[in-house]
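Structural overview for review
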Amino acid sequence: MYKQYKNAILSILAMIEMELRRLRHDPLEIIARAIQPILWITVFGVVMARVRVFLSIGDYITFITPGVILQSSTFIALAYGISLVFERDLGILKKLITSPIPRSSIVIGRILAGGIRASTQYIIVLISAIAVGAKIVSNPINLLLGYALLVYGCMGFTSLSMILAITMKTRERFMGIIGAITMPLFFASNALYPIDIMPGAIKYFAIVNPLTYIVDILRKLLIYNSCEVFNDIIVVTIFVACTTVVAIKILNKIVE
Amino acid sequence: MVLAIEVRGLVKIYPGGIKALNGVDLDVDEGIIYALLGPNGAGKTTLIRIITTQLRQTDGYVKVFGHDTSTQGSNVRSLIGYVPQEMSLWSDLTGYENMLIYSKIYGIPSNSRKKIIEELLEFMDLREASNRMVRIYSGGMIRRLEIAIALMHRPRLLVLDEPTIGLDPAARRLVWGKITEYCKEYNMTIFFATHYMDEADRYANYIALMNRGIIIARGKPEELKQNVEGDRITLKLSSIDDNISILNIFSEIEGITILKTDGDTIEFSTSNVSYTLPKILEKLFQNNLKIYEIKIHEATLDDVFIKLTGRRLSEEEYGRYREAITMRKMIRRGS
């Protein structure tokens with residue numbers, strides 16, 4: 001039993017290593033995907049800060065930094081599911097499911113790998129935000145905890161992406177649906193403005209939007225230097241657990 | 001002795017009602033090279049996917065070294081090495097990295113990992129290319145690397161699905177040379193599916209011919225070919241003034257059947273051309289008959305397939321041409 005768990009954990013780590021090696025060989029996607037959030041911070045953030053639209057918010061650039069981190073990371077996580085479709089079309093998935101590791105560890109490994117890939121935006125966005133005057137805490141524990149919880153949250157979006165990739169069947173449909181949900185997820189959350197000022201329906205959507213809670217975690221850790229994130233973590237955990245369980249359940253479907 | 005693979009009454013009906021397997025029985029002894037030969041769409045890949053625990057059958061059972069694939073999947077998976085038809089490598093990693101990641105997934109202990117990888121890279125002639133990206137590998141190199149990966153955990157059974165699809169003849173020979181060499185050294189059982197009859201004929205000890213979800217014939221390649229009329233020989237002789245005496249000459253030789261005579265040409269069949277032909281030639285020389293032309297058509301597995309189904313293996317293939325081309329593109333993706 002112990003050996004079985006050990007092998008499952010080693011295989012999950014191997015999949016993370018695989019993702020990191022791929023990133024090292026070809027960092028272009030990460031660099032290309034960093035352009036948009038940098039513009040959100042350095043153009044949108046700077047301009048909106050001057051206009052002073054949201055009077056309740058003191059420093060707007062600082063306020064939107066966690067939101068932009070999430071926007072950028074979520075985009076990458078949500079696009080990650082396509083890799084599973086590619087791997088099914090090739091023989092990689094067939095090969096993986098005939099290896100001695102449990103099928104669930106294939107999914108968990110890939111979800112974690114996707115989360116780590118997505119979280120690379122954390123550093124890029126933080127640096128660009130600090131460069132234009134955002135006030136981010138310097139406490140390394142908060143910074144590391146923020147990173148870990150970002151990976152955790154992105155795991156949920158990676159699972160969601162895998163579920164969509166499996167259900168949509170074709171790449172075109174998948175890309176279409178991803179395009180359709182990423183922006184609403186971003187705008188109907190607390191990433192760019194506080195929930196209090198939203199109109200009714202959007203407010204309710206923002207409350208059930210998992211992105212809101214991950215942004216809240218980062219905002220508390222990185223800006224307010226507060227560690228009162230337990231409630232947010234519970235909500236994110238429910239999101240990650242539900243999507244992961246569904247992704248594991250329907251892995252067989254993608255193979256067959 | 002326990003069988004490497006035991007298949008009984010296997011039926012697979014896909015959702016939508018497509019019957020891919022319609023009652024397959026198969027016994028594969030340990031230590032042999034067993035070919036599953038049939039056209040595309042015969043059900044070979046479905047059978048392989050059930051044997052390798054990827055799919056569940058609708059009815060019947062499969063046992064690998066005595067372990068049921070439905071109930072003891074994890075035991076089966078630790079005993080087999082598998083190379084799917086499509087490419088199973090990450091093309092944006094190097095050959096070495098692919099082996100390293102798979103070795104960790106397969107739970108190869110860290111102290112022997114490096115040694116095993118290097119030995120197999122050396123064995124497959126891939127050592128020099130091991131630090132290059134897989135996307136610049138040729139089709140043959142990709143296959144050799146995939147086979148090396150399948151061998152890392154020293155499986156007792158190696159399952160290959162169309163191992164040389166899309167490869168040129170030289171690459172096919174090299175791939176098979178490596179497989180057979182390894183098989184001999186470690187007494188490993190090989191079960192492979194192919195639609196290349198020459199490949200099954202040349203490398204397999206035993207062949208099962210498959211068509212439309214059932215096994216239509218099985219046996220050693222020679223046995224299968226003997227079931228058809230045998231090898232056909234056509235001789236063009238100097239003069240046939242006295243047909244009866246020529247027929248008499250032929251009738252004295254055992255093991256031949258005259259198929260037709262047409263002027264100075266005689267066509268007959270024999271079960272063993274290399275044994276019969278010298279005898280015929282000797283008789284003809286003794287009777288002062290000159291031979292102008294000899295045509296030998298050795299029986300092929302295609303003849304067996306024609307006899308059993310009324311169609312050529314290649315005809316069945318033709319309808320699936322586009323599928324094969326797509327597959328080839330996938331395998332060569334990145335090259």
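Relevant structure appears above.
Given the structure is predicted, the values throughout are model-derived calculations rather than measurements. (Residues numbered from 1 in each chain as written. Chains lettered and ligands numbered in written order. Predicted model: local features only at pLDDT ≥ 70, side-chain atom pairs only at ≥ 80, totals over all residues. Heavy atoms only, no water.)

1. Things to note about helix α3 (residues 95-105) of chain B
Counting along an α-helix, one turn takes 3.6 residues, and residues three or four places apart therefore face a common direction. Spelled out, the test is: Three labels apply to residues, based on accessible area from a 1.4 Å probe with only protein chains included: buried if under 20% of the type maximum, exposed if over 50%, partly exposed otherwise in between. We count a stretch as a helix when DSSP gives it H or I for four or more residues in a row; a strand needs E for two or more, and each element gets its number in order from the N terminus. Two residues form a contact once any of their heavy atoms are found within 4.5 Å.
Of all the eleven residues making up α3 of chain B, eleven are buried; the element is thus mostly covered by neighbouring parts of the structure. Structurally, α3 of chain B contributes buried residues whose contacts are with α1 (2-25) and α4 (92-97) of chain A together with α4 (110-123) and α5 (139-151) of chain B. Trailing α3 of chain B by a residue or two, Gly107 of chain B shows a phi angle of about 70°, which is positive.

2. Some thoughts on the interface of chain B and chain A
Applied cut-off: The quantity reported as buried area is the accessible area (1.4 Å probe) lost by two parts once they are put together, taken as the sum for both. One side-chain nitrogen of Lys or Arg within 4 Å of one carboxyl oxygen of Asp or Glu is enough to make a salt bridge. Polar contact is defined as a pair of N or O atoms within 3.5 Å, subject to the rule that within protein one atom must be able to donate a hydrogen and the other to accept it, and that residues adjacent in sequence are counted only when both atoms are side-chain atoms.
Across the contact, 30 residues belong to chain B and 27 residues belong to chain A. Taken together, the two surfaces of chain B and chain A that pack against each other cover about 2,900 Å², and 60% of this comes from carbon and sulfur. The largest contributions to the chain B side of the interface with chain A come from Arg77, Trp90 and Ile105 of chain B, which together make up 20% of the buried area. If you look at where chain B meets chain A, you find five salt bridges. One salt bridge in this structure joins Glu97 of chain B and Arg24 of chain A, with 3.4 Å as the shortest N-O distance. Connecting chain B to chain A are twelve residue pairs in polar contact (both at pLDDT 80 or more). At the level of elements, α2 (73-79), α3 and α5 of chain B are the ones that each hand at least two residues to the side of chain B that touches chain A. Among the elements that line the side of chain B that touches chain A, the one with the most residues is α3 of chain B, at six residues.

3. With respect to the layout of surface pockets
Cut-off, in case you're wondering: Both site types are read off a 1 Å grid over the protein atoms alone. A 1.4 Å probe that fits but cannot get out defines a cavity, while an open set with protein on both sides within 12 Å along at least five of seven lines defines a pocket; lining residues have an atom within 4 Å of a point. Grid points are joined across faces, edges and corners, and a volume is the space filled by probe spheres set on the points. Throughout, the ten residues Ala, Val, Leu, Ile, Met, Phe, Trp, Tyr, Cys and Pro are labelled nonpolar, Asp, Glu, Lys and Arg are labelled charged, and all others, Gly among them, are labelled polar.
Estimates place the volume of the second largest pocket at around 590 Å³. In this structure, the second largest pocket is lined by 23 residues; those nearest its centre are Arg22, Ser83, Phe86 and Arg117 of chain A together with Asp92 of chain B. Taken together, the elements giving at least two residues each to the lining of the second largest pocket come down to α1, α2 (28-51) and α3 (60-89) of chain A. With seven residues, the single largest contributor to the lining of the second largest pocket is α3 of chain A. Counted by class, the lining of the second largest pocket contains eleven nonpolar, two polar and ten charged residues.

Remember, this is a structural readout, not a statement about activity or role.
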